[in-house]
Amino acid sequence: MKIKIRHNSLMRLVFGSLLFIVLPGLLFLFLCPLVGWKIALGLPVMVWVVAIYGFFFGWRHIVVRQTVCSSPLLPVSFDGYRVLQISDIHIGTFLRNRQFVNKMVNLVNAQRADLIVFTGDLVNVSAEELIPFQHVLGQIRARDGVYSIMGNHDYCEYGENKNGRDVERNQTVLKYMERKMGWRLLLNEHAFVSNDSGDQIAVIGVENISRPPFQDYGDLQAAMRGLPRGMFKILLTHDPSHWRRGVLGQTDIALTLSGHTHAAQMRLGRFSPAKWAYNEWGGKYTEKGVMLHVSLGIGGTVPFRFGAWPEINIITLRHAK
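Residues numbered from 1 in each chain as written. Predicted model: local features only at pLDDT ≥ 70, side-chain atom pairs only at ≥ 80, totals over all residues. Heavy atoms only, no water.

**Student:** Which residues make up the overall build of the protein chain, and what values do they have?
**Tutor:** Each helix and strand counted, the protein chain has eight helices and twelve strands in total. Looking at the protein chain as a whole, 55% of its 321 residues are labelled buried. In the structure as shown, the protein chain presents an accessible area of about 14900 Å², 57% of it carried by carbon and sulfur atoms. (Helix = DSSP H or I, 4+ residues; strand = E, 2+ residues; numbered from the N terminus. Buried < 20%, exposed > 50% of the residue type's maximum accessible area, 1.4 Å probe, protein only. Areas by Shrake-Rupley, 256 points an atom, 1.4 Å probe, with all protein chains shown as cover.)

Below, the structure is given as structure tokens:
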């Protein structure tokens, strides 16, 4: 566990240095010759205010966001069905802030959703990070269960020890602990959710499918094998870039749920630096009659959030005529 704490401390040091020293310094040096030092100092001061708030308060501010997915493929008997999405917990970041995880679990359960899905990045670098939180995360409950997928961090390839056997062991242990918590981990496979009327919808989970430098492990065709066309399908895929590259216009999946971007953990109004890297980086997107929802997630490798607050998402399904 010391390695994980050291990793967290290093990430905080690097991120803090960029936000408190490098960025304000560059802004001051750029503006000073143009407007004078007194005015030029104003922007770095604003950056410091944002940084202080984000580091000490912003990452604690969990919000619950509501949205609606309408589809003619949804059985009428599922109209009003509530899916709760959480994503990108990065649990190792909270080894010294365990009350935050308790707060998140209580808030999730308070929503009384019909189904809960987790769209990847449970840990930072190692399965061991999950051990102190296994019991509390195992208390997350929904009537129709909790389904999860792997995010890029869940392959445990970013730690100091990249020995193949250790990486494989970490993956095996993490998968075991998720299942022990009562989460149904979907590895390029699907499951059915039924209701009292006998109607069904499908939940599809793929392993991580990303653009470089992130690895591809997913196989959507294998995950969908045997599913009939016209059935309402929910796809869990960690990286939202997969939607345009392999889902939209190529499948009949009505609802895709992703995370991964964190909105760069900073948002001002409708702007986030994440838009420079992702076409779809946060919230609801609809095109060709189908929907993608990108959660901004709960955590990150660094406990910092400004504007892009940690979020729990409720997606209410509606039958569209």
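**Student:** So what's going on with the packing of aromatic side chains? Which residues, and what values?
**Tutor:** Across all of its chains, the model carries twelve aromatic pairs by this definition. Pairing Tyr-53 with Phe-306 gives two aromatic rings, centres 6.0 Å apart and planes at 90°, and the pair type is edge-to-face. Of this pair, Tyr-53 sits in helix α3 (residues 42–56) while Phe-306 sits in the loop between β11 (290–294) and β12 (311–319), placing them 253 residues apart in sequence. Summarising the aromatic geometry, the rings of Phe-118 and Trp-183 are spaced 5.5 Å apart at their centres and angled 50° between planes, so their arrangement reads as tilted. Here Phe-118 is found in strand β3 (residues 115–118), whereas its partner Trp-183 is found in strand β5 (residues 183–185), with 65 residues between them in sequence. An identical accessibility class is assigned to Phe-118 and Trp-183; each is buried. Above the ring of Phe-133, the side-chain terminus of Arg-98 is found at 5.8 Å from the ring centroid. (Phe/Tyr/Trp six-rings, centres within 6.5 Å; stacked < 30°, edge-to-face > 60°. Lys NZ or Arg CZ within 6 Å of the ring centre and 35° of its normal.)

**Student:** Break down unusual backbone geometry for me, citing the residues and quoting the values.
**Tutor:** For the bond running from Pro-212 to Pro-213, omega is 10°, close enough to zero to count as cis. When you line up the elements, Pro-213 lands in the loop between β7 (200–205) and α7 (220–224). Positive phi outside glycine occurs at Arg-112, with the angle close to 50°. In this structure, Arg-112 sits in the loop between α4 (98–110) and β3. With phi around 55°, Cys-156 is a residue other than glycine that occupies positive phi space. Inspection of the secondary structure assignment puts Cys-156 in the loop between β4 (146–148) and α6 (164–180). Here Cys-156 falls in the buried class, since its relative accessible area comes to 3%.

**Student:** Got a sec to walk through the pairing of strand β6 (residues 189–194)? Specific residues and values, please.
**Tutor:** Across six bridges, the pairing between β6 and β7 is antiparallel. In the strand pairing of β7, His-190 is matched with Ile-204. Linkage of β6 to β7, two consecutive antiparallel strands, is achieved through a turn of five residues, within which Gly-198 is found at a positive phi near 90°. (Pairing = 2+ DSSP bridges.)

**Student:** Give a description of α6 that names residues and reports values.
**Tutor:** Taking 1.5 Å per residue, 17 residues should reach 24 Å; α6 reaches 24 Å between its end C-alpha atoms and fits that length. Considered for burial, the residues of α6 that qualify are Val-167, Asn-170, Gln-171, Leu-174, Lys-175, Met-177 and Glu-178. Viewed along the axis of α6, the buried residues span an arc of 165°, placing them on a single side of the element. Of the exposed residues in α6, the ones pointing more than 90 degrees away from its buried face are Arg-165, Glu-168, Tyr-176 and Lys-180. Among the structural elements, α5 (134–137), β4 and β5 are those in contact with the buried residues of α6. After α6 finishes, the residue Gly-182 shows a positive phi value of roughly 95°. (Expected span 1.5 Å × (residues − 1). Arc of directions from axis to C-beta. Contact = heavy atoms within 4.5 Å.)

**Student:** Explain the sheet that holds strand β2 (residues 82–86) to me, using residue names and the numbers behind them.
**Tutor:** Sheet architecture is open: six strands sit in the order β1-β12-β2-β3-β4-β5, paired in mixed fashion. Both outer strands of the open sheet, β1 (63–71) and β5, are each paired with one neighbouring strand and no more. Averaged over all neighbouring strand pairs, the angle between strand axes comes to 25°, with direction disregarded. For β4 and β5, the ladder comprises three bridges, and the chain directions are parallel. (Axes fitted to C-alpha atoms, helices over the stretch in contact; angles between N-to-C directions.)

Geometric values such as these leave the question of function open.
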